[in-house]
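# Structural overview for review
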Amino acid sequence: MSNNNNTLPKAPKDLCFSELDFVQENFDVDAFLQDHRKNGKLETMRDDLGMYLKLLRSAMIDLINRDYTDFVNLSSNLIGLDKAINELQVPLGQLREEVMQVRQALDDEIATISTNLNNNLKIRERKQSLRSLQHVYKSLKKLSSILSMKTFMEHRTKIDVLEQAAIELNQLKFHMSKCKSDILDDQEKEGREIENLYVTYLNELFLACIQEKNSNLAIRCLRIYLTLDKIANAEELVRYELVRPLVYNVINEENLQSDPLGLHNIYQRLLDILNVELKQLLDITLYPDRISVKGFNFLVNSFWIEVEEKIEQYIKSIFAPGDPVLFHKRYTATLEFLTKLETEYGTRKTLAALKNHPQYKDFLKKWNLPVYFQIRFQEIAGLVETVLVESISPDSIKGSLALLTQTNFSLYATCAVWDNLLRIWDDDIYLYQLFHKFWKLSLQICSRYQTWCFCSKVWPVINETNSSNNLVHSTRLNFLVYLYVDVEKLVNALPSFLQIVQSKITNKNVTISKLLEDSLGETSRNLTNLLPSITKEILNELSEQCVIHLKQVSDIPRLFRRTKRDVPTKPCPYVKSAVVPLINFLADYSKIIPETVNLWLELTLSSLTENYLLFVTDVLTSVQKTEESLRRLKKIRDKSTGILPSEPQGISDDEKIRIQLKVDVNGYANMIKDLNISTVNIHHLQELINAVEAAIKK
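Now for a quick tour of the structure. If you're wondering where the values come from, they're calculated on a predicted model, not measured in any experiment.

Here we take up the overall build of the protein chain. The helix and strand inventory of the protein chain stands at 28 helices and zero strands. Scored against the burial criterion, the 698 residues of the protein chain give a buried share of 39%. The long-range fraction of contacts in the protein chain, counting pairs at least 24 apart against all pairs at least 6 apart in sequence, stands at 77%. Carbon and sulfur atoms make up 54% of the accessible area of the protein chain, which totals about 41,600 Å².

Below you can see the structure in the form of structure tokens.
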């Protein structure tokens, strides 16, 4: 590309394109036209292309003229080249034929040598087979002599005979493997018969050693099994001849139903088999500090396989999850049995073989833990939902005011939630394999309680007499206070609940503990966020009971207009009536939750004072308007009658109204002081006092 760029004639600068555009690898005419159409019209582009074409033709002619001599010399050098090529064809063909003949001769020799080598190999293998056949005859004769009934039974130490025969039997099997199958017929059959006879003698002696608790002879027998690669035969022998009869007497439906301990006792008897009948073999083959013979695993291949098979065959009813209490007892008993197997008889290698065994995995899968959890979920969640779905009423309150000072909860709903949270993690229900599911259920119960708290603000409306309505208001107020205190108690109890849950973790893990703490912390924050809304409902309830009396301030003008009453000196009864609910509330809860009650009273009085200020302002405005209207009417009447206006005598009705408002407000402020509430913390109170005092000064 660079060479082309160097020889390409350069385009004038006034053209609408560059000479490099034509040598791009991805040059496209349509794209070229589309790109350069912006620089000029098609007519201009056509003229520029024509001009550059002339430059290219001129450059081509110059190139031909410059290299003309080279072109002529090249054509003259090629004269006679075809004749020289033809002269080379004949000797090259002859050379090719000679090479092919040599190659064929080499291939023939190689094939002959390979045939001879294969024949020699077959001859050597045949000789080896014949020599091995001679050894087979000798070994068969020797084994027949050693294992003859008379010789074996009369020998004082049969184990010596078996050890000697084991060496000869291994040699027999080795030489038979070296013999060609076409020369072995009767010898192979005779060898199998002798091997079976030998294994029979060995099995009988091995069982006798186990029954007699003779560890030394048992070790020698096991080494013979190991030498002959008969490990599986020894494990099967122990399984069928020793373990199966014992297990059959233990694992049956009768023992499961009649024994008070049920499955737990069956597992204990199975462990006794290991501790008594198989203890000798386990001591010899399992324990690292006492190991004498390696390669055997009687715990898994002789004991566990037989036990699992008989459990599935005779007492498979233990896997039924229909009765969760019974299922939990049986499953925990099974886990305890497996744990003892692993801790008392398991080495690292044995444990790996046990846990990776297909029957072990299938055995654990037969315990339907998801169904058990579903039953427990319906049971526990159903109890909680039954309580929370009930309508809010006075019956929702569990006890009296005394419960507020105790750790117990005051509402049936909160008690149900807390009791079932603890119940989930009881030893009679909890299973560590379902830890994540039970934790999720705990969070769901807390979330459901939070939803119930949101909805519990709705109180059934009773349209009866005022006394009944007051009772309903009082009961609803008590319920809200109980709810507030219960939520606080529940939030304070969650850390202890977290400790209970963390104690159930089998493998202490910092990450898991942190996740539990974070998730429960979020639940705690959600419950804490309920307290302001409950407080708001309590304040509204108190305000409703009080503000209805303050509205009577609008009746004061009717008490003094044209009634010739004396100047007021005492507050109206509505002032006391408005504060009585707060007095009663303080009397009920001041000794139980004093700090919270004082805060509620301050907030309620601030809201109540704000309403009182509005009511008083409306009355003062109305009185002022009425006073001005009467004054204008009087002036108009005096002008029409020609009577000069006279000075008012005594205190007017409007002034009495203002005085009464001031007396009421002062009484209201004094009653707040009697509640041991600082008037400084009551919003709008000073503004209310200033309003009535300013009205009197006018």
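Counting 164 residues, the largest nonpolar core has F206, L270 and F303 as the members making the most contacts within it. Looking at this core, the element that brings in the most residues is helix α21 (residues 466–503), giving 16 residues. The two domains that each donate at least three residues to this core are domain 2 (142–320) and domain 3 (548–633 + 651–697). Excluding residues that lie within four positions of it along the chain, F206 makes contacts with A218, C221, L222, Y225, L237, V238, L281 and F298. Ranked by size, the runner-up nonpolar core spans seven residues in total, among them L15, C16, M45 and Y52.

Before going further, it helps to spend a moment on a nonpolar patch on the surface. Together, F27, V29, L33 and L42 make up an exposed nonpolar region whose accessible area comes to about 330 Å². Summarising the element assignment, F27 is placed in the loop between α1 (2–7) and α2 (29–36).

Before going further, it helps to spend a moment on the packing of helix α15 (residues 324–345) against helix α18 (residues 369–388). At a minimum axis separation of 10 Å, α15 and α18 run at an interaxial angle of 135 degrees. Considering their axes alone, α15 and α18 lie oblique with respect to each other. Relative to α18, α15 is oriented so that their crossing is left-handed. Contacts between α15 and α18 involve P324, V325, F327, H328 and Y331 from the former and L369, Y372, I375, R376 and E379 from the latter. Within the contact of α15 with α18, the residues separate by chemical class into seven nonpolar, one polar and two charged.

This paragraph deals with unusual backbone geometry. Both trends apply: most residues other than glycine have a negative phi, and most peptide bonds are in trans. The backbone of K213 sits at a positive phi, close to 60 degrees, despite the residue not being glycine. Residue position: K213 is located in the loop between α8 (186–211) and α9 (215–227). Not every positive phi belongs to a glycine, and N676 is a case in point at roughly 60 degrees. As for its placement among the helices and strands, N676 is situated in the loop between α27 (653–674) and α28 (685–697).

Applying the stated criterion to the full structure yields one cavity of 30 Å³ or more. Put simply, the largest cavity is a space of about 50 Å³. Lining the largest cavity are H264, Y267, Q268, L271, A333, E336, F337 and K340. Secondary-structure elements contributing two or more residues to the lining of the largest cavity are α12 (263–276) and α15. Per-class residue counts for the lining of the largest cavity are four nonpolar, two polar and two charged.

Scanning the model with the defined rule gives 18 salt bridges in all. Taking the shortest distance from any N to any O, the salt bridge between E336 and K340 comes out at 3.6 Å. Of this pair, E336 and K340 are both found in helix α15, four residues apart, which corresponds to roughly one turn of the helix. For E336, a relative accessible area of 36% corresponds to the partly exposed category. When its relative accessible area of 25% is taken as the criterion, K340 is described as partly exposed. Across the pair E379 and R423 runs a salt bridge whose closest N-O atoms are separated by 2.0 Å. Pair noted here: E379 is in helix α18 and R423 is in helix α19 (residues 412–424), with a separation of 44 residues, a long-range link. Taking the relative accessible area as the measure of exposure, E379 reaches 25% and is therefore partly exposed.

On to helix α3 (residues 42–66), then. Helix length check: α3 (25 residues) gives 36 Å between terminal C-alpha atoms against 36 Å at 1.5 Å per residue, within 8%. Where α3 is buried, its residues meet α2.

With that settled, the discussion passes to the packing of α27 against α28. Closest axis-to-axis distance for the α27/α28 pair is 9 Å, and the angle between their directions is 155 degrees. Accordingly, the angle class assigned to the pair α27 and α28 is roughly antiparallel. Between α27 and α28 lies a crossing whose hand is left-handed. Across the interface between the two elements, R658, I659, L661, K662, V665, Y668, A669 and I672 from α27 touch L685, L688, I689, V692, E693, A695 and I696 from α28. For the contact of α27 with α28, the per-class residue count stands at 12 nonpolar, no polar and three charged.

Cut-offs and rules
Throughout this description, residue numbers start from 1 for each chain and increase along the sequence as written. Note on the predicted model: pLDDT of at least 70 is required for a residue's local features to be given, and 80 or more for side-chain atom pairs to be given and counted; whole-chain, interface and lining totals, by contrast, use all residues. The side-chain figures draw on all heavy atoms in the structure; neither hydrogens nor water molecules are used. Secondary structure elements follow DSSP: runs of H or I no shorter than four residues count as helices, runs of E no shorter than two count as strands, and numbering proceeds from the N terminus. Here's how the labels work: a residue is buried when its accessible area is under 20% of the maximum for its type, exposed when over 50%, partly exposed in between, all with a 1.4 Å probe on protein chains only. By definition in these notes, contact holds between two residues if any of their heavy atoms fall within 4.5 Å. With residues, only the protein chains shown are counted as cover, and all accessible areas are computed by Shrake-Rupley using a 1.4 Å probe. The term nonpolar core refers to a set of buried residues drawn from Ala, Val, Leu, Ile, Met, Phe, Trp, Tyr and Cys, joined through side-chain atoms within 4.5 Å. Domain limits in this description derive from either an automatic procedure or a database domain assignment. Think of a patch as exposed residues, more than 30% relative accessible area, with no salt bridge, where like charges cluster within 9 Å and nonpolar side chains (Val, Leu, Ile, Met, Phe, Trp, Tyr) cluster within 5 Å. Whenever Lys or Arg places a side-chain nitrogen within 4 Å of a carboxyl oxygen from Asp or Glu, that contact is recorded as a salt bridge. To get an axis, fit a line to the C-alpha atoms, keeping to the stretch in contact for a helix; angles then go from 0 to 180 degrees between the N-to-C directions. Each angle gets one of four labels, with under 35 degrees taken as roughly parallel, over 145 as roughly antiparallel, 65 to 115 as roughly perpendicular, and the rest as oblique. It is the rotation of the near helix from the far one that decides the hand of a crossing: anticlockwise by less than a right angle makes it left-handed, clockwise makes it right-handed. Residue polarity is assigned by list, with Asp, Glu, Lys and Arg as charged and Ala, Val, Leu, Ile, Met, Phe, Trp, Tyr, Cys and Pro as nonpolar; anything else, Gly included, falls into the polar class. Site definitions follow a grid-based scheme: protein atoms alone, a 1 Å grid, a 1.4 Å probe that fits but cannot get out for cavities, and for pockets an open set with protein on both sides within 12 Å along at least five of seven lines, plus lining residues having an atom within 4 Å of a point. Grid points are joined across faces, edges and corners, and a volume is the space filled by probe spheres set on the points. Multiplying one less than the number of residues by 1.5 Å gives the expected span of a helix.

Any functional reading would require information that these geometric values do not contain.
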